[in-house]
Amino acid sequence: VQLVESGGGLVQPGGSLSLSCTSSERTFTMGWFRQAPGKEREFVAAITRAATNTNYADSVKNRFTISRKNTKNTLYLQMDNLKPEDTAVYYCAATSDYSVASADSSTYAYWGQGTQVTVST
């Protein structure tokens, strides 16, 4: 399974960005993680295949929205009211048989190459 992210860039605080991740194959639970310079990778959001369950990190709740379109094998992350602390490389991740919107990175078998999001004036 190959995952390709797109949509990163530079945005001012309070602005919005939308990330996409296209998978080469059918996947089950998918998620977004991020890693800021000098910090460990952290969970952002996850969604089950049928989109019946989602999970968000407390730091992004009510600002970020995860969604997916299975007919296009594509995962999305709508990011609103962005803050400087959201600056990081954002990674898309996918499982092949997991049915829970997991925040545990070890449950994800496949990872994208990452896309940079920078929130700054």
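Residues numbered from 1 in each chain as written. Predicted model: local features only at pLDDT ≥ 70, side-chain atom pairs only at ≥ 80, totals over all residues. Heavy atoms only, no water.

Asks: Tell me about the pattern of salt bridges, and please be specific about residues and values.
Replies: The tally for this structure, following the rule as stated, stands at four salt bridges. A salt bridge links Glu42 to Arg34; the shortest N-O distance between them is 2.6 Å. The class for Arg34 is buried, based on a relative accessible area of 6%. In this structure, a network of salt bridges that share partners links the residues Arg34, Glu42, Arg63 and Asp86. (Salt bridge = Lys/Arg side-chain N within 4 Å of Asp/Glu carboxyl O. Buried < 20%, exposed > 50% of the residue type's maximum accessible area, 1.4 Å probe, protein only.)

Asks: I'd like to hear about the nonpolar core, residue by residue, with values.
Replies: By size, the foremost hydrophobic cluster in this structure holds 32 residues, and its most contacted members are Trp32, Leu77, Met79 and Tyr90. When contributions to this core are tallied by element, the ones reaching two or more residues are strand E3 (17-23), strand E4 (30-35), strand E5 (42-47), strand E7 (64-69), strand E8 (74-79), strand E9 (88-94) and strand E11 (115-119). Not counting chain neighbours up to four residues away, the residues in contact with Tyr90 comprise Glu5, Leu19, Trp32, Phe33, Arg34, Val44, Phe64, Leu77, Met79, Gly114, Thr115 and Val117. (Core = buried A, V, L, I, M, F, W, Y, C linked by side-chain atoms within 4.5 Å. Helix = DSSP H or I, 4+ residues; strand = E, 2+ residues; numbered from the N terminus. Contact = heavy atoms within 4.5 Å.)

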